[in-house]
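Close look at the chain arrangement
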Amino acid sequence: MQISSKFTIAVHILTAMDYFKDSAVVTSSFLAGSVGANPVIIRTVAGQLKKAGMISVSRGQRGMTLARDLSEITFYDVYKAVDCVSDEGLFHFHENPNPQCPVGRNIHRAMEGKLESIQRSMEEQMKTITIADIENDIILDVAAEG
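These remarks concern the structure in this document. (Residues numbered from 1 in each chain as written. Predicted model: local features only at pLDDT ≥ 70, side-chain atom pairs only at ≥ 80, totals over all residues. Heavy atoms only, no water.)

It is worth spelling out the overall build of the protein chain at this point. In terms of helices and strands, the protein chain carries six helices and two strands. In sequence order, the protein chain lays out its α and β elements as α-α-α-β-β-α-α-α. In terms of overall size, the protein chain is more extended than a compact globule, its C-alpha atoms giving a radius of gyration of 19 Å where 146 residues would be expected to give roughly 15 Å. With the C-alpha coordinates aligned to their principal axes, the bounding extent of the protein chain is approximately 65 × 30 × 25 Å. When the accessible area of the protein chain is evaluated, it comes to approximately 9200 Å², of which 52% is carbon and sulfur surface. (Helix = DSSP H or I, 4+ residues; strand = E, 2+ residues; numbered from the N terminus. Rg over C-alpha atoms; globule rule 2.2 N^0.38 Å. Areas by Shrake-Rupley, 256 points an atom, 1.4 Å probe, with all protein chains shown as cover.)

So this is what it looks like as structure tokens:
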């Protein structure tokens with residue numbers, strides 16, 4: 001199971017919005033060029049970020065702007081905002097293990113708590129990484145490119 005690409009697109013959008021805020025009007029078309037995706041996808045993800053209170057969207061000359069500082073937005077915030085994992089969780093069980101088989105009969109119970117623990121650990125780690133951390137790494141990379 002993978003986390004939806006909406007997560008990385010959302011991080012890209014937020015980072016680009018801040019990076020280009022003083023040099024360009026940040027629109028869905030502008031962001032689509034940076035992300036390499038259709039503007040409709042950008043608008044969909046941006047709508048989720050707006051609903052979560054991370055960005056503001058206005059038509060015309062202002063375009064999209066951040067509603068919160070990047071240092072206040074964690075990976076976890078983005079992960080929850082763009083619904084990249086269903087309510088069932090990160091891991092999904094196969095539907096029909098054989099109840100006549102001792103492994104099939106017990107596999108879900110044996111794995112369930114362990115997989116929930118893994119997801120909780122991942123989510124706790126996501127709470128420690130901000131979008132500002134990503135932008136800072138990009139700024140360092142751009143400077144190194146010289």
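Next, the rest of the story.
This paragraph deals with a negative patch on the surface. Together, Asp133, Asp137, Asp141 and Glu145 make up a region of like negative charge exposed at the surface. One can find Asp141 in helix α6 (residues 131-145). Classification of Asp141 by relative accessible area gives partly exposed; the value is 48%. (Patch = residues over 30% accessible without salt bridge, like charges linked within 9 Å, V, L, I, M, F, W, Y side chains within 5 Å. Salt bridge = Lys/Arg side-chain N within 4 Å of Asp/Glu carboxyl O. Lys, Arg positive; Asp, Glu negative; His and termini not counted. Charge placed at Lys NZ, Arg CZ, Asp CG, Glu CD. Buried < 20%, exposed > 50% of the residue type's maximum accessible area, 1.4 Å probe, protein only.)

Membership of the largest hydrophobic core comes to 33 residues, with the highest contact counts inside it found for Leu14, Leu49 and Val78. Breaking this core down by element, the ones donating at least two residues are α1 (6-19), α2 (28-35), α3 (39-51), α4 (75-81) and α6. Top contributing element to this core by residue count: α1, with eight residues. With sequence-adjacent residues up to four places away left out, Val78 is seen in contact with Phe7, Ala10, Val11, Leu14, Met54, Ile73 and Ile131. (Core = buried A, V, L, I, M, F, W, Y, C linked by side-chain atoms within 4.5 Å. Contact = heavy atoms within 4.5 Å.)

So, on to the layout of surface pockets. Empty space among the atoms becomes apparent when a probe as large as a water molecule is rolled across them. Here the largest pocket is characterised by a volume of approximately 250 Å³. If you trace the largest pocket, you find it lined by Glu88, Gly89, Leu90, Phe91, His92, Phe93, Glu95, Glu112, Leu115, Glu116, Gln119 and Arg120. When its residues are assigned to classes, the lining of the largest pocket shows four nonpolar, three polar and five charged. What the second largest pocket holds in volume is close to 210 Å³. Every residue lining the second largest pocket is counted, 13 residues in all, and those nearest its centre are Ser28, Arg43, Val57, Arg59 and Met64. Residue contributions to the lining of the second largest pocket peak at four residues, all from α3. For the lining of the second largest pocket, a count of residues per class yields four nonpolar, six polar and three charged. (1 Å grid on protein atoms, 1.4 Å probe; cavity = no way out; pocket = protein on both sides within 12 Å on 5 of 7 lines; lining within 4 Å. Points joined across faces, edges and corners; volume = space filled by probe spheres on them. Nonpolar A, V, L, I, M, F, W, Y, C, P; charged D, E, K, R; others polar.)

Let's shift gears to the packing of aromatic side chains. This model, assessed by the stated rule, comprises four aromatic pairs. The interplanar angle of 80° and the centroid separation of 5.1 Å between the aromatic rings of Phe20 and Phe30 together place this pair among those described as edge-to-face. Of this pair, Phe20 sits in the loop between α1 and α2 while Phe30 sits in helix α2; the two residues are ten residues apart in sequence, bridging distant segments of the chain. Classification of Phe30 as partly exposed rests on a relative accessible area of 27%. Ring plane angle 40° and centroid distance 5.9 Å describe the contact between Tyr76 and Tyr79, whose orientation is recorded as tilted. Of this pair, Tyr76 and Tyr79 both sit in helix α4, three residues apart, which is roughly one turn of that helix. The residues Tyr76 and Tyr79 share a single accessibility class, namely buried. Taken together, Tyr19, Phe20 and Phe30 form an aromatic cluster joined through their ring pairs. The cationic tip of Lys127 hangs over the ring face of Tyr76; the distance from NZ or CZ to the ring centre is 4.6 Å. (Phe/Tyr/Trp six-rings, centres within 6.5 Å; stacked < 30°, edge-to-face > 60°. Lys NZ or Arg CZ within 6 Å of the ring centre and 35° of its normal.)

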